[in-house]
Amino acid sequence: MALIVQKYGGSSVADAERIKNVARRIVTTREKGNDVVVVVSAMGKTTDELIRLAHQVTDRPDERELDVLLSTGELISSTLLALALKSAGHKAISLSGAQAGIWTDAVYSQARILTVEGHRIVKELGEGKIVIVAGFQGITHEMDVTTLGRGGSDTTAVAMAAILGAQACEIYTDVEGVYTADPRFVTEARRLTELGYEEMLELASQGAKVLHPRAVELGELFDIPILVASSFTEGPGTLIHGGVAMEVRNKVRGIVHDLNVAKVTVLGVPDQPGIATAIFEPLVKENISVDTIVQNASVERVTDLTFTVAKSDLEKAMRVVEPAAKSISARGCIADAKLCKVSIVGTGMQNTPGYAARMFRALYEKGINIELITTSEIRITCIIDETRLEDALNALHQAFELEKGEDGI
């Protein structure tokens, strides 16, 4: 008997009928002779609604209390799914993150899993039950509830698959897999049949919402194949795994974007040792992640320092950076929240000349200005005006001929 871990996203359990549909899919897997552990997200837009409600009560919700509040969304969907399975004549039990033994650190809203104690789940499986785990949440050793960040249910699912030795981890969502670009913007976008962990991690880290980056990291670490597929159709989906063939193909596998980008520029920074530390250490203490960093060449030992943060962190970042800038006698700070990132991703780009030039020319020919550029071994990212996003995605998709089959050059 194989153990299968399945995860269903918020759109898959958005209402009672969809929960019943998910229950039927789980039963089909169970009736094939498999043990099944299911991880669920909150129903539809529940998390957004809870955040809005918290901000109606206070401008700055306490982080601990907000995590407790947000964790209730997954508790609702997991219990409803367990009820649907029981109504269909199957033994099932819902577990919170704490009951499932998911221990995390105490970084509220962005907690990381320290360990998973699977004893309770193994016990329930041994009694013939389908186990439903509330995703996106865990508990600290001080018994405080934490959440894992947006998309954290994916991480819960892969962690469960790893600790339980599952044969597969299946992530079901509202799309049929991972595409060469977002099909909402690029009509010629094509579903990929497979991806390597490294490529998927770059796609997820740079804005692809189909899979959480930390879930991919865990999958690679524990060599857990991850299937991304639709919960509404019976398509083959996209398999993320190791050992994907890397040669004789278009090395750009996908184009991804992220609208959650803001730029902060500290003006008139003295060009001397310790300045970067004075600016970035306070951001670290507030758990604000910094992405691209650019420092201009100094003129008369004065320079400008630019970096990007998530748009959702901009207000908090400015509260931190403005006093830090004053402390180093900088001239001031300015911010721009009307930006986005577009990235091309593919193994082998660094060792093959011409990809960056091809990207820049495609954007230039559409009259799209590049604000900042950042790269990795398998990615090139440009930060541009958010109003030009759709033009940029289509131009790059055509430039790299991603509408062709996976062996197209």
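Please refer to the structure placed before this passage.
Let me begin by describing the structure that accompanies this report. In this text the structure is predicted, and so the values were computed from the model without any measurement.

### A few points about the overall build of the protein chain
Step number 1: Looking only at helices and strands, the protein chain features eleven helices and 18 strands.
Step number 2: Its C-alpha atoms give the protein chain a radius of gyration of 23 Å, within 12% of the compact-globule value 22 Å for 409 residues.
Step number 3: Seen through its principal axes, the protein chain has C-alpha atoms that stretch 75 × 50 × 35 Å.
Step number 4: Classification of the 409 residues of the protein chain by burial places 53% in the buried group.
Step number 5: Put simply, 75% of the contacts in the protein chain that link residues at least 6 apart link residues at least 24 apart.
Step number 6: As displayed, the protein chain has an accessible area near 18,800 Å², and 51% of this comes from carbon and sulfur atoms.
Step number 7: Here the protein chain carries 42 positive and 55 negative side-chain charges, and the mean point of each set is 3 Å from the other.

### So, helix α5 (residues 152-164)
Step number 1: Given a rise of 1.5 Å per residue, 13 residues ought to cover 18 Å, and the 18 Å separating the end C-alpha atoms of α5 matches this to within 8%.
Step number 2: Of all 13 residues in α5, eleven are buried, a share of seventy percent or more.
Step number 3: Along α5, the positions that sit buried rather than exposed are G152, S153, D154, T155, T156, A157, V158, A159, M160, A161 and L164.
Step number 4: At the exit of α5 stands G165, carrying a positive phi of roughly 70°.

### As for the packing of aromatic side chains
Step number 1: Scanning the entire structure with this criterion turns up three aromatic pairs.
Step number 2: Ring plane angle 15° and centroid distance 5.2 Å describe the contact between Y8 and Y172, whose orientation is recorded as stacked. Taken together, the residues span a long stretch of sequence, with Y8 in strand β1 (residues 3-8) and Y172 in strand β9 (residues 168-173) at a distance of 164 residues.
Step number 3: Judged by relative accessible area, Y8 falls into the buried class, the value being 0%.

### Quick look at the nonpolar core
Step number 1: Membership of the largest hydrophobic core comes to 41 residues, with the highest contact counts inside it found for V37, I121, V133, M160, M200, L211 and I240.
Step number 2: Per element, the largest residue contribution to this core is six residues, and it comes from α5.
Step number 3: Residues contacting I121, with those up to four places away along its chain left out, are V37, L95, A100, V131, V133, M160 and L164.
Step number 4: Counting 23 residues, the second largest nonpolar core, distinct from the first, contains I368, I380, I384 and F400.

### A word on the side chain of S77
Step number 1: Among the secondary structure elements, S77 is positioned in helix α3 (residues 63-87).
Step number 2: A distance of 3.2 Å separates the side chain of S77 from the backbone oxygen of E74, its partner in a polar contact.
Step number 3: For S77, the residues in contact, after removing those within four places along its chain, are V13, V40, S41, A42 and M43.

### Topic: the pattern of salt bridges
Step number 1: Enumeration according to the criterion identifies 23 salt bridges in this entry.
Step number 2: For R30, the salt bridge goes to D35, with nearest N and O atoms at 3.1 Å.
Step number 3: Overall, the relative accessible area of 18% leaves D35 in the buried class.
Step number 4: Its salt-bridge partner being E315, residue R319 comes within 3.5 Å of it at the nearest N-O pair. With R319 and E315 both in helix α9 (residues 314-327), this residue pair falls four residues apart, about one helical turn.

### A few points about the environment of D62
Step number 1: One can find D62 in the loop between α2 (46-57) and α3.
Step number 2: The partly exposed category is assigned to D62, whose relative accessible area is 45%.
Step number 3: Between the C-alpha atoms of D62 and Y108, which are 46 residues apart in sequence, the distance is 9.7 Å.
Step number 4: Among the polar contacts made by the side chain of D62, one reaches the main-chain amide nitrogen of R64 at a distance of 3.1 Å.

### A short note on the packing of helix α8 (residues 275-285) against α9
Step number 1: Between α8 and α9, the shortest axis-to-axis distance is 9 Å and the interhelical angle comes to 150°. Compared by their axis directions, α8 and α9 come out roughly antiparallel. Where α8 crosses over α9, the two elements pack in a sense that is right-handed. Between α8 and α9, the residues in contact are A278, I279, P282 and L283 and A317, V320, V321 and A324, respectively.

### Brief notes about the packing of helix α6 (residues 197-205) against helix α7 (residues 213-222)
Step number 1: It is the contact of α6 with α7, at a shortest axis distance of 8 Å, that shows an interaxial angle of 165°. By the angle between their axes, α6 is roughly antiparallel relative to α7. As for how α6 packs across α7, the hand of that crossing is left-handed. Note on element contacts: α7 touches α6 through P213, V216, E217, G219 and E220, opposite Y197, M200, L201, A204 and S205.
Step number 2: Here the contact of α6 with α7 is composed, by residue class, of six nonpolar, two polar and two charged.

### Some words on the sheet that holds strand β14 (residues 293-295)
What holds strands together in a sheet is hydrogen bonding between their backbones, with the strands either parallel or antiparallel.
Step number 1: Pairing within the open sheet is antiparallel, and its six strands lie in the order β14-β15-β13-β16-β18-β17. Because the sheet does not close on itself, it has two edges, and the strands there are β14 and β17 (372-376). Between one strand axis and the next, the sheet turns through 25° on average, direction left out of account.
Step number 2: Of the pairings in the sheet, the one linking strand β13 (residues 254-270) to strand β16 (residues 332-345) comprises eleven bridges and is antiparallel in character. Across the sheet, residue V256 finds its bridge partner in β16, namely S343.
Step number 3: Taken strand by strand, helix α10 (residues 355-365) contacts β16, β17 and β18 (379-385), and its axis lies near 20° from that of β18.

The rules behind these values
- Residues numbered from 1 in each chain as written.
- Predicted model: local features only at pLDDT ≥ 70, side-chain atom pairs only at ≥ 80, totals over all residues.
- Heavy atoms only, no water.
- Helix = DSSP H or I, 4+ residues; strand = E, 2+ residues; numbered from the N terminus.
- Rg over C-alpha atoms; globule rule 2.2 N^0.38 Å.
- Buried < 20%, exposed > 50% of the residue type's maximum accessible area, 1.4 Å probe, protein only.
- Contact = heavy atoms within 4.5 Å.
- Areas by Shrake-Rupley, 256 points an atom, 1.4 Å probe, with all protein chains shown as cover.
- Lys, Arg positive; Asp, Glu negative; His and termini not counted.
- Charge placed at Lys NZ, Arg CZ, Asp CG, Glu CD.
- Expected span 1.5 Å × (residues − 1).
- Phe/Tyr/Trp six-rings, centres within 6.5 Å; stacked < 30°, edge-to-face > 60°.
- Core = buried A, V, L, I, M, F, W, Y, C linked by side-chain atoms within 4.5 Å.
- Polar contact = N/O pair within 3.5 Å; in protein donor to acceptor, adjacent residues only side chain to side chain.
- Salt bridge = Lys/Arg side-chain N within 4 Å of Asp/Glu carboxyl O.
- Axes fitted to C-alpha atoms, helices over the stretch in contact; angles between N-to-C directions.
- Parallel < 35°, antiparallel > 145°, perpendicular 65-115°, else oblique.
- Left-handed = near helix turned anticlockwise from the far one by under 90°.
- Nonpolar A, V, L, I, M, F, W, Y, C, P; charged D, E, K, R; others polar.
- Pairing = 2+ DSSP bridges.

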